[in-house]
Number of protein chains: 4
Amino acid sequence: MSHNTFGHLFRVTTWGESHGPALGCVVDGCPPGLRFKLEDIQAWLDKRKPGQSRFVTQRREDDLVKILSGVMLDEDGETMISTGTPISMLIENTDQRSKDYGEIARRYRPGHADYTYDVKYGIRDYRGGGRSSARETAARVAAGGIARLVVPGVTVRGALVQIGKHKINRAKWDWAQVDQNPFFSPDPQIVPVWEDYLDGIRKAGSSVGAVVEVVAEGVPAGLGAPIYGKLDQDIASLLMSINAVKGVEIGNGFAAAEMTGEENADEMRMGNDGNRIFLSNHAGGILGGISTGEPVIARFAIKPTSSILTERRSIDADGHNVDIRTKGRHDPCVGIRAVPIGEAMVACAIADHYLRDRGQTGRLK
Amino acid sequence: MSHNTFGHLFRVTTWGESHGPALGCVVDGCPPGLRFKLEDIQAWLDKRKPGQSRFVTQRREDDLVKILSGVMLDEDGETMISTGTPISMLIENTDQRSKDYGEIARRYRPGHADYTYDVKYGIRDYRGGGRSSARETAARVAAGGIARLVVPGVTVRGALVQIGKHKINRAKWDWAQVDQNPFFSPDPQIVPVWEDYLDGIRKAGSSVGAVVEVVAEGVPAGLGAPIYGKLDQDIASLLMSINAVKGVEIGNGFAAAEMTGEENADEMRMGNDGNRIFLSNHAGGILGGISTGEPVIARFAIKPTSSILTERRSIDADGHNVDIRTKGRHDPCVGIRAVPIGEAMVACAIADHYLRDRGQTGRLK
Amino acid sequence: MSHNTFGHLFRVTTWGESHGPALGCVVDGCPPGLRFKLEDIQAWLDKRKPGQSRFVTQRREDDLVKILSGVMLDEDGETMISTGTPISMLIENTDQRSKDYGEIARRYRPGHADYTYDVKYGIRDYRGGGRSSARETAARVAAGGIARLVVPGVTVRGALVQIGKHKINRAKWDWAQVDQNPFFSPDPQIVPVWEDYLDGIRKAGSSVGAVVEVVAEGVPAGLGAPIYGKLDQDIASLLMSINAVKGVEIGNGFAAAEMTGEENADEMRMGNDGNRIFLSNHAGGILGGISTGEPVIARFAIKPTSSILTERRSIDADGHNVDIRTKGRHDPCVGIRAVPIGEAMVACAIADHYLRDRGQTGRLK
Amino acid sequence: MSHNTFGHLFRVTTWGESHGPALGCVVDGCPPGLRFKLEDIQAWLDKRKPGQSRFVTQRREDDLVKILSGVMLDEDGETMISTGTPISMLIENTDQRSKDYGEIARRYRPGHADYTYDVKYGIRDYRGGGRSSARETAARVAAGGIARLVVPGVTVRGALVQIGKHKINRAKWDWAQVDQNPFFSPDPQIVPVWEDYLDGIRKAGSSVGAVVEVVAEGVPAGLGAPIYGKLDQDIASLLMSINAVKGVEIGNGFAAAEMTGEENADEMRMGNDGNRIFLSNHAGGILGGISTGEPVIARFAIKPTSSILTERRSIDADGHNVDIRTKGRHDPCVGIRAVPIGEAMVACAIADHYLRDRGQTGRLK
């Protein structure tokens, strides 16, 4: 299927299945001379890893990342320095319980990729969803950890802004809150509401969708390229590539459809310091596919995970009608853990466009 | 900027500015042996071309497409047969009125790409928006005309489903209506509402956003590839690459965020004829990035065009504050003409994935 | 067939057949702000165009290039300034004599691509070789004209170094001679030898092969990327993509197989001016895929054109044995006109790697 | 540097340095349903691995390959079945002797990539050549093992045809001999000559170049695509990407430059069985970039390894003149071990073009 790579100059290839021995990625195009410690990358994986609250899957994975190539150790024996060669990262799978999945080997779980993989390939690694498992996203987060180092001064942060019908109060947005609750919510007041709501969902063996917002600050103006290399296009592409994502917005997004030209366009003025100032950021930091220097803002909708305990009608590979309940350990709201994944995707897109603009080595200029 | 190409096996490269002598595209990867007439391609351009109602720009362009390569004429002297070599198509610009645009040569229209192009390139073809003009989309529509021929049995249709806050009644959806009104509305009852509303917008020199829905029927199951070659990912990427698009949805889209797993997943049953049947299509015809055989459904939001008659605050290239009104001939709702463009993008994505799956020549199998 | 594009950041797409209305290319990724006149590009096409001596095809084509996009005119009305958007160039075919080619519509000329195109596509534009005609190379030369502008200080020059068994005397190499004879020979003493030899070939209706050498001076050290983005790899790829090329060498090339490590490696010393000096250039300016700063040297072998007047055994599309003589206007030594084509390919490869290293816009650094 | 991937549908990404913990590759685009055992892949690595005779480096590496993803085990617990997802393969480095390399950390070995890596990246993994080490080719050979499974009926074999000035007698070519001597020579009579010659080279601490020929039989007619996706172009590109390769030929190669059209073109006749027959194969199985069905023949020249015991003039990273001898364990003729690497590259190119033509899944046709 040959499409497990993304990026044009900052290129990431991921590999691995849910229940294989390991998964990982190769990050190609990382500039030389970046300095970091293994724990800098591990921190992002820790944010994504399962089992951290009762609201996410209880699968236990340490998700410890190993770096196999592309770096040299500095004299402290700890700081890694990128050499410009591909960085191969590997994460072992340790908590596969294949017995949980045996009965769905030939049954198609509604809303899962079981049926389409079988139609396409005629063979499917049914264990834990195989390649279509959310575990693949661990490799994305590791790659995102490298991407964050590429563009000086960029900060990429995400937050959960909606679970089911319950949206945050945007007036209460406080980035400092995001790490203080199990939902990555920037609004502390919604937390108990979500807790109650999700406890109900979880106990019912059900699931629910969510919306994540990612904001990248410090993106230099001028990244992105018309016409088919737009920065927002590449962000949309990568966010849509995340499992279960069904919608992507930039800036005002679908709300822009309801607005007039007067309301939606961002006026400008010269600042006292000689800087160009945008008086608003409806565009989400991108005009004509190119960054304006304002924060880049993207949102994406995650559908409810299709693994639920309610019996559902389906068929099997032999063409029989079956009724199916998806047992096992699942996320009642897979959108929660999508926050660091969305951050990683946005960070990778920005790093790629930064290198397209400025080149890869920086030595020759 | 080197990113004026999209597609992996069905590859389209577009070129041209609003006020240059011509614009066009090269369609590479078209299989050999496709038979069509020039008018088959022209028909889609006619659907997109400006000046067809008072609700779109009054620029007059015939948008006659010429095919310069990649085909041989059949004995009837009219039917073209693709040879498998690149199809170069050219559309002349005939109604450039450069005088309309002179004063914005150094001023940045809010919401336009003027500022970002200047920041990035240090030079900008200000005439009619240059490369960022909606005229570039004529080349997309021509390419889409070829793409529609690639997959046997596929029908790709679009409709306008929302202007401003005014949405169609989906229960009234009738494809036969779409060509009977200047809005590509599938719901005839909304047409007078939109007419009144847009007349007001137009007379006020204002503009408004819209939402377009594209439906592809007859897409064979199995197109698309995990993980970064998902069919929905590529559709999202191409739709987001259209000027002024700020959001993309597949199937239930953002509404999925509000749904439970029971509501959102599509159950299956075996049909009497031995076919596999999906009992609903919340997924929009794609699971795990691969087509299910159900209609592929995508929606996208177009922001209001930023060219409005109201004076707006901005700056110029010299760092002065200016107030700017965008005169000239513009679309009060650019979303209307986005319908055939969206269709073209979806058709191209499907053609590309079809060829990835089945190969390009069909002779050797 | 979707592979009519080359380059990663400096990307060229060519299109067109021998006997269609026109051929051309789209050069994508050209940095903004390059200044040139149409005649700067035309000059390279003039060097390649047919009919300039009795030793090349007598087809008459002016090969006048038009630039349709990607530039703005400076105030002098003549100097073009690249804007960073795709540069579309078009060359009309004016001297197609289709009657010359009628009888080979269904016959496979030995050594030509007739048979393989038919096997692959089931349809073939037989007129003048269609897409496989050497006319396609006019578009390459136009693209090369742009590429030469990208890297400041680079000079790319080619010369013919062998016709049949007759090689130049390398000790006599004088670049100033290259434009003084119809063979692009750097050695004036070989010219009468080649004239006599080629007159014989031409009168016999035969053809003969040749070897071209291209030298790029002023290539900055550090261009190219291990492992699959080596500069020499990309040069080899592009030279091998030229019609009739059967071999490519870098630096010592095949002669290196006969040498020892002592003979072949290039020693270094510090110069008096603090520069690093290579004491020889066996490597042809590239080590480990990366330029050393020494001249980049590439050679390629062109087979004799297969269009000869001697009757040859072949078959036709219906599976009959036939005897075939290729009438029409052909090059007795197609290698002569390959000189500017080889230059163009090397220039494009260097431009592409330069942009990968240094980025595309140069505004943000 | 982002260019550690090759292939368009059959895509291989390699990673790893000579003295890191491991190296490996990700093979993306492998069709589903291929059946093989680990030993099928290991066999090719065994052919390439060091230390198998006194004529190659004495570094000891078992080069045991592990497959981490992309396959399921059949019921026999041994046969692997590809699933269509990326196949990640890993080979541990076990015999790194970093002490051997300490003194060249800041010195540039003539003919090596030391200088160019330092110029480009400003940092270089000097241990064993880092990324530019021949160890990277182990990953290529593993990928080639998968590639060989993709095209039914294809056999790709290589042989050494020249060491220094000593060429095989082509009339004596016997494939059965290739595995009977330490040189992969198809001509047994040259073996003692090469032994004597190389013993002298080895004892002198010198090195010498070589030429390898690769022949692929059973390649279906019709693979490859004009103009920039020629099969010979992609083979040339991949062969030139191998360390130390300085020249590539297809079919007659450079000898074609000395031939006439009568001598070089391959005539055709219909066979008694209705097959099309080429009466010769000067073209090396490729016309116009597309395979003819005849054996594909490629040759490449490998320069003498630059690691020699003779003292050579060079400089160091601080700009001082130094004299340098490269101690350590090296190949007196690195061309010997290039045989399986060349095979792997040709196999990968053919697999890629096969999939472009026929599609990737085979389920939907």
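Residues numbered from 1 in each chain as written. Chains lettered and ligands numbered in written order. Predicted model: local features only at pLDDT ≥ 70, side-chain atom pairs only at ≥ 80, totals over all residues. Heavy atoms only, no water.

### Here we look at the pattern of salt bridges
Pairs may arise between side chains of opposite charge once their charged atoms sit close together.
Next, step 1: The tally for this structure, following the rule as stated, stands at 104 salt bridges over all chains.
Next, step 2: Among the salt bridges present, the one from A:Arg127 reaches A:Asp125, with a minimum N-O distance of 2.8 Å.
Next, step 3: A salt bridge links B:Arg48 to B:Asp63, with the nearest nitrogen and oxygen atoms 3.0 Å apart. In this pair, B:Arg48 is assigned in helix α1 (residues 38-48) and B:Asp63 in the loop between α1 and β5 (65-67), connecting sequence segments 15 residues apart. For the pair B:Arg48 and B:Asp63, a shared accessibility class is recorded, and that class is buried.
Next, step 4: Among the ionic contacts, a cluster of salt bridges with common partners joins A:Arg109, A:Asp114, A:Asp118 and A:Arg124. (Salt bridge = Lys/Arg side-chain N within 4 Å of Asp/Glu carboxyl O. Helix = DSSP H or I, 4+ residues; strand = E, 2+ residues; numbered from the N terminus. Buried < 20%, exposed > 50% of the residue type's maximum accessible area, 1.4 Å probe, protein only.)

### Some words on the relation of the copies chain B and chain A
Next, step 1: The transform that puts chain B on chain A rotates by 180° and translates by 0.0 Å along the axis, for an RMSD of 0.0 Å. Expressed as an axis order, the relation between the two copies is that of a two-fold axis. Closest approach to the rotation axis within chain B is made by the C-alpha atom of B:Ser237, at a distance of 2.4 Å.
Next, step 2: The overlap is high: 100% of the interface residues of chain B also sit at the interface in chain A, so the same surface is used on both sides. (Least-squares fit on C-alpha atoms with pLDDT ≥ 70 in both. Contact = heavy atoms within 4.5 Å.)

### Overview of the interface of chain B and chain A
Next, step 1: Listed as interface residues are 106 residues of chain B and, on the opposing side, 106 residues of chain A.
Next, step 2: If you look at where chain B meets chain A, you find 10 salt bridges.
Next, step 3: The salt bridge involving B:Arg312 is made with A:Glu267; its shortest N-O contact spans 4.0 Å.
Next, step 4: Counting every contact that joins chain B to chain A gives 59 residue pairs in polar contact (both at pLDDT 80 or more).
Next, step 5: Partitioning the side of chain B that touches chain A into residue classes produces 47 nonpolar, 36 polar and 23 charged. (Polar contact = N/O pair within 3.5 Å; in protein donor to acceptor, adjacent residues only side chain to side chain. Nonpolar A, V, L, I, M, F, W, Y, C, P; charged D, E, K, R; others polar.)

### Observations regarding the UniProt feature "binding site: FMN" (unreviewed entry) in chain A
Next, step 1: With numbering aligned to this structure, UniProt lists the feature "binding site: FMN" (unreviewed entry) at A:Arg131, A:Ser132, A:Ser133, A:Asn243, A:Ala244, A:Gly288, A:Lys303, A:Pro304, A:Thr305, A:Ser306, A:Ser307 and A:Arg329.
Next, step 2: Of note, A:Ser133 is situated in the loop between α2 (114-121) and α3 (136-150).
Next, step 3: What A:Ser133 contacts, discounting residues up to four positions off in sequence, is A:Ser18, A:Gly128 and A:Asn243.
Next, step 4: As for its placement among the helices and strands, A:Pro304 is situated in the loop between β17 (296-302) and β18 (312-315).
Next, step 5: Setting aside chain neighbours within four positions, we find A:Pro304 in contact with A:Ser207, A:Val208, A:Gly209, B:Ala256, B:Met259, B:Thr260, B:Gly261 and B:Asn264. (UniProt positions renumbered as here; feature names shortened; annotations may be inferred.)

### Let's talk about the packing of aromatic side chains
Next, step 1: All told, the structure shown has 28 aromatic pairs over all chains when counted by the stated rule.
Next, step 2: Ring plane angle 70° and centroid distance 5.3 Å describe the contact between D:Tyr108 and D:Tyr115, whose orientation is recorded as edge-to-face.
Next, step 3: Exposure remark for D:Tyr108: the relative accessible area of 3% places this residue in the buried category.
Next, step 4: Note on D:Tyr115: relative accessible area 8%, which makes it buried.
Next, step 5: Measuring from ring centre to ring centre gives 5.2 Å for D:Trp173 and D:Trp175, while their planes differ by 70°; the resulting arrangement is edge-to-face.
Next, step 6: Taking the ring centre of C:Trp44 as reference, the NZ or CZ of C:Arg148 above it sits at 3.4 Å. (Phe/Tyr/Trp six-rings, centres within 6.5 Å; stacked < 30°, edge-to-face > 60°. Lys NZ or Arg CZ within 6 Å of the ring centre and 35° of its normal.)

### Digging into the UniProt feature "binding site: NADP(+)" (unreviewed entry) in chain A
Residues and elements named next belong to chain A.
Next, step 1: Following the UniProt record, the feature "binding site: NADP(+)" (unreviewed entry) maps to Arg48 and Arg54 here.
Next, step 2: A relative accessible area of 2% places Arg48 in the buried class.
Next, step 3: When residues no more than four places from it in sequence are discounted, the contact partners of Arg48 are Asp63, Ala134, Arg135, Thr137, Ala138, Val141, Arg337, Pro340 and Ile341.
Next, step 4: By secondary structure assignment, the location of Arg54 is in the loop between α1 (38-48) and β5 (65-67).

### Side note on helix α5 (residues 231-240) of chain D
Next, step 1: The buried fraction of α5(D) amounts to 10 of the 10 residues, a majority that puts the element mostly inside the structure.
Next, step 2: Those residues of α5(D) that sit buried are D:Leu231, D:Asp232, D:Gln233, D:Asp234, D:Ile235, D:Ala236, D:Ser237, D:Leu238, D:Leu239 and D:Met240.

### A word on the sheet that holds strand β6 (residues 71-73) of chain D
All names here are of chain D.
Next, step 1: Strand order in the open sheet formed by three strands is β4-β7-β6, and the pairing between neighbours is antiparallel. The open sheet has two edge strands, β4 (35-36) and β6, and neither has a second partner.
Next, step 2: Across three bridges, the pairing between β6 and strand β7 (residues 80-82) is antiparallel. Among the inter-strand pairings, Met72 is bridged to a residue of β7, identified as Ile81. (Pairing = 2+ DSSP bridges.)

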